[in-house]
Amino acid sequence: MKIAAITIFCNERFRVDNWIQYYSEYKDEISLHVIVNNGNPDDCEFLQSKFPNSIVLYSKTKNLLASYNLGLSEVLKHGEIDAICQITNDIQLSPNGFTILYDFLYSNDKYAMVSPILYNKDCDIVCQYGSSVSLRNMSYKHLYQGVKGSEIKEQTKIVTGLPGGIVLAKRSIYEKVGMQDEKIFMYGDETDMAIKIMQEGYLMAVTKEVSSWHQHINLPGKRMRNPNAALFMARNHIYIARKYFGYSVLTQTIIYELKKFCIYLGGCIVHRKSKEEFIYFFHYLKGIWKGVCNNMNNEFVN
């Protein structure tokens, strides 16, 4: 068992104390820890002081997937590594989580990637137990969201999508299907990777034998995501539909995204949401238009 873990960091010093705790609980199970800083370059020295045994890399781009690929390239230089984990800095694992997850990954030759059940912060309410990716309209839905973990009877489950917060993959899968598509930038990469894996005939699975918690901490005073998140969510699924499928799936995906926008907008009007929330959802419409025009230029972010 030779596991490498890759974590992205972007101007999140307010999370570091908690992250150090979560990392300390699993560090003895992994052989290599790579941190990619795609925020303030001055944070590299700070991160190295907090994680002295980790490799800290600086990414010159805000592109999340390009930054992840930088970490992945570093990991692939180490020939002894046979499993690679993408884990965010706010994920906490149950004891021996990586060891159990590794054994689960290698229990089936067809398993490409696996994840533990993911709970909401400090509770037994499920955030997701795998995901469902529709190949008809690219919809991505969290499974079992909002239910108690004890109500789920299936100890393991084959799924068509996995959470981006924590995924353990066989090294050979990246060597076969390639790295992340950097045009996506962020949001939608789970769908893109799931389709690549399915097209190669491999499987994804989740297990309850390992628990994980999304111990999310927001920046003080921050109420909601940057509006560009909405743009990426809409645009990228249309891009993915065009990338892998024909006109029918592309059309269904555009219609699906337009319906979602109408539902969001209606909710904003009925519940008299703030100007900030209206701006967020109009970025969603902007993302749909960019997707229709196949505009994958991400320079507006940097």
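Residues numbered from 1 in each chain as written. Predicted model: local features only at pLDDT ≥ 70, side-chain atom pairs only at ≥ 80, totals over all residues. Heavy atoms only, no water.

## Notes on the packing of helix α6 (residues 189-199) against helix α7 (residues 227-244)
Rules: Here, axes are lines fitted to C-alpha atoms. For helices the fit covers the stretch in contact, and angles between N-to-C directions go from 0 to 180 degrees. Only DSSP runs of H or I reaching four residues or more are called helices, and only runs of E reaching two or more are called strands; each is numbered from the N terminus. Orientation labels follow simple angle bins: below 35 degrees gives roughly parallel, above 145 gives roughly antiparallel, 65 to 115 gives roughly perpendicular, and whatever is left gives oblique. Crossings are classed by handedness, with left-handed meaning an anticlockwise turn of the near helix from the far one by less than a right angle and right-handed meaning a clockwise turn. Two residues form a contact once any of their heavy atoms are found within 4.5 Å. In this classification, Asp, Glu, Lys and Arg are treated as charged, Ala, Val, Leu, Ile, Met, Phe, Trp, Tyr, Cys and Pro as nonpolar, and every other residue, Gly included, as polar.
Axis separation between α6 and α7 bottoms out at 10 Å; the angle between their running directions is 20°. It follows from the interaxial angle that α6 and α7 lie roughly parallel. Both α6 and α7 take part in a crossing whose hand is right-handed. Along its contact with α6, which presents T191, D192, I195, K196 and Q199, the element α7 presents H237, I240, K243 and Y244. Partitioned by chemical class, the residues of the contact of α6 with α7 number three nonpolar, three polar and three charged.

## Re the pattern of salt bridges
So the rule is basically this: By salt bridge we mean one thing: a side-chain nitrogen of Lys or Arg within 4 Å of a carboxyl oxygen of Asp or Glu. Here the term buried applies to any residue with accessible area under 20% of the maximum for its type, exposed to any over 50%, and partly exposed to those in between, with areas from a 1.4 Å probe on protein chains only.
Within this structure, the stated rule accounts for 10 salt bridges. The residue K243 makes a salt bridge to D181 at a minimum N-O spacing of 2.8 Å. In this pair, K243 sits in helix α7 while D181 sits in the loop between α5 (171-177) and α6, placing the two residues 62 residues apart along the sequence. Among the residues examined, D181 registers a relative accessible area of 12% and is labelled buried. A network of salt bridges, in which partner residues are shared, links E12, R15 and D90.

## Comments concerning helix α9 (residues 275-292)
Residues lying three or four places apart along an α-helix face the same way, a consequence of the helix completing one turn every 3.6 residues. Definition in use: How far a helix is expected to stretch is found by multiplying one less than its residue total by 1.5 Å. This arc corresponds to the set of directions leading from the helix axis out to the C-beta atoms.
Helix length check: α9 (18 residues) gives 26 Å between terminal C-alpha atoms against 26 Å at 1.5 Å per residue, within 8%. Every buried residue of α9 is listed here: E277, Y280, F281, H283, Y284, G287, I288, K290 and G291. End-on view of α9: buried residues confined to an arc of 165°, all on one side of the axis. Exposed and oriented more than 90 degrees from the buried face of α9 are K275 and W289. Turning to α9, the residues buried within the fold contact α7 and α8 (247-270). N294 lies just past α9 and shows a positive phi near 55°.

## Digging into the packing of aromatic side chains
Under the convention used in this document: In this scheme Phe, Tyr and Trp rings, the latter by its six-membered ring, pair at centre separations within 6.5 Å, and the angle between planes marks the pair as stacked below 30 degrees, edge-to-face above 60, and tilted otherwise. Criterion for a charge above a ring: Lys NZ or Arg CZ within 6 Å of the ring centre, and within 35 degrees of the ring normal.
Under the counting rule described, the total for this entry stands at 15 aromatic pairs. Taken together, a centroid distance of 6.0 Å and an interplanar angle of 15° make the contact between F9 and W19 stacked. A residue pair is termed long-range when its members are at least 10 positions apart, and F9 in strand β1 (residues 3-9) and W19 in helix α1 (residues 16-26) qualify at 10 residues. W19 carries the same exposure label as F9, and that label is buried. Joined through ring pairs, the aromatic side chains of F9, W19, Y23, Y26, F51 and F98 make up one cluster. Looking at R13, its charged tip hangs above the ring of F46, at a distance of 3.9 Å from the centre. Above the face of the Y106 ring, K170 is positioned so that its terminal group lies 5.1 Å from the ring centre.

## Description of the packing of α7 against α8
The interhelical angle for the contact between α7 and α8, taken along N-to-C directions, is 165°, at an axis separation of 8 Å. The orientation of α7 relative to α8 falls into the category roughly antiparallel. In terms of crossing hand, the pair formed by α7 and α8 is right-handed. For the pair α7 and α8, contact is made by M233, A234, H237, I238, A241 and R242 and by V249, L250, T253, I254 and E257, respectively. When the residues that make up the contact of α7 with α8 are grouped by side-chain class, the tally is seven nonpolar, two polar and two charged.

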